[in-house]
Amino acid sequence: MKLGAFSISLAVKDIHASKAFYETLGFTVFAGDLERNYLIMKNGNALVGLFQGMFENNILTFNPGWDENANTLEEFDDVRAIQKHLKSQNVKLEREADESTSGPASIVMLDPDGNAVLVDQHV
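The sections below set out a description of the structure shown in this document.

Conventions and cut-offs
Residues numbered from 1 in each chain as written. Predicted model: local features only at pLDDT ≥ 70, side-chain atom pairs only at ≥ 80, totals over all residues. Heavy atoms only, no water. Salt bridge = Lys/Arg side-chain N within 4 Å of Asp/Glu carboxyl O. Helix = DSSP H or I, 4+ residues; strand = E, 2+ residues; numbered from the N terminus. Buried < 20%, exposed > 50% of the residue type's maximum accessible area, 1.4 Å probe, protein only. Polar contact = N/O pair within 3.5 Å; in protein donor to acceptor, adjacent residues only side chain to side chain. Pairing = 2+ DSSP bridges. Core = buried A, V, L, I, M, F, W, Y, C linked by side-chain atoms within 4.5 Å. Contact = heavy atoms within 4.5 Å.

## Focus: the pattern of salt bridges
Argument step 1. In this structure the tally under the stated criterion is 4 salt bridges.
Argument step 2. For Lys-19, the salt bridge goes to Glu-23, with nearest N and O atoms at 2.7 Å. Taken as a pair, Lys-19 and Glu-23 lie in helix 1 (residues 15–24) at a separation of 4 residues, close to a single helical turn.
Argument step 3. On the accessibility criterion, Lys-19 (22% relative accessible area) is partly exposed.
Argument step 4. The class of Glu-23 is partly exposed, set by a relative accessible area of 36%.
Argument step 5. The partner of Lys-87 in a salt bridge is Glu-96, with the nearest N and O atoms 3.0 Å apart.

In structure tokens form, the structure reads like this:
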């Protein structure tokens, strides 16, 4: 199963302080909007999303169809195919994609420790 680009989405208290901290680690702003309280920071292949006031806990995020530079991949596993596989393995989904659609969609599940795992397809 190909899940695409990986990032961690952090629920931050102060996006300005978090931005400054990650910049000291060599991250630069890759995408997002500081005025809308979210940034995607990048250092090499590593991606960290900073989100102030959008959700309570950190989220592991995968983007089928994208590489770590948000370039569309020629071949990838569609989120609905991933969903079908997970359901066949009896993985409980917190949010499901509409299998009658195509294109952008997402699913959410919790790992055994309660961490949210988001599979968020943008293409």
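From this point, the narrative continues.
## Regarding the environment of Asp-111
Argument step 1. Relative to the assigned elements, Asp-111 resides in the loop between strand 7 (105–110) and strand 8 (116–121).
Argument step 2. Taking C-alpha positions, Asp-111 is 9.6 Å from Lys-92, a pair spaced 19 residues apart along the chain.
Argument step 3. Among the polar contacts listed, one links the side chain of Asp-111 to the backbone nitrogen of Asp-113, at a separation of 2.8 Å.

## Focus on the pairing of strand 1 (residues 5–12)
Put simply, side chains in a regular strand alternate between the two faces of the sheet.
Argument step 1. With 5 bridges joining them, strand 1 and strand 5 (residues 59–63) adopt antiparallel strand pairing. Paired with Ser-9 across the two strands is Ile-59, which belongs to strand 5.
Argument step 2. Sheet analysis places strand 1 next to strand 4 (residues 46–52), joined by 5 bridges and oriented parallel. What sits directly across from Ser-9, in strand 4, is Gly-49.

## Here we look at the nonpolar core
Argument step 1. Grouped together as the largest cluster of nonpolar side chains are 11 residues: Phe-62, Val-79, Ile-82, Leu-86, Leu-93, Ala-97, Ala-105, Ile-107, Met-109, Val-117 and Val-119.
Argument step 2. Once residues within four sequence positions are removed from consideration, Ile-82 is found in contact with Met-1, Lys-2, Leu-3, Pro-64, Asp-77, Ile-107 and Val-119.

## With respect to the side chain of Gln-121
Argument step 1. Within the secondary structure layout, Gln-121 lies in strand 8.
Argument step 2. With a relative accessible area of 2%, Gln-121 lands in the buried category.
Argument step 3. For Gln-121, the side chain forms a polar contact with the side chain of Asp-78, separated by 2.9 Å.
Argument step 4. If we skip the residues at most four places from it in the chain, Gln-121 touches Pro-64, Phe-76, Asp-77, Asp-78, Val-79, Arg-80, Gly-103, Pro-104 and Ala-105.

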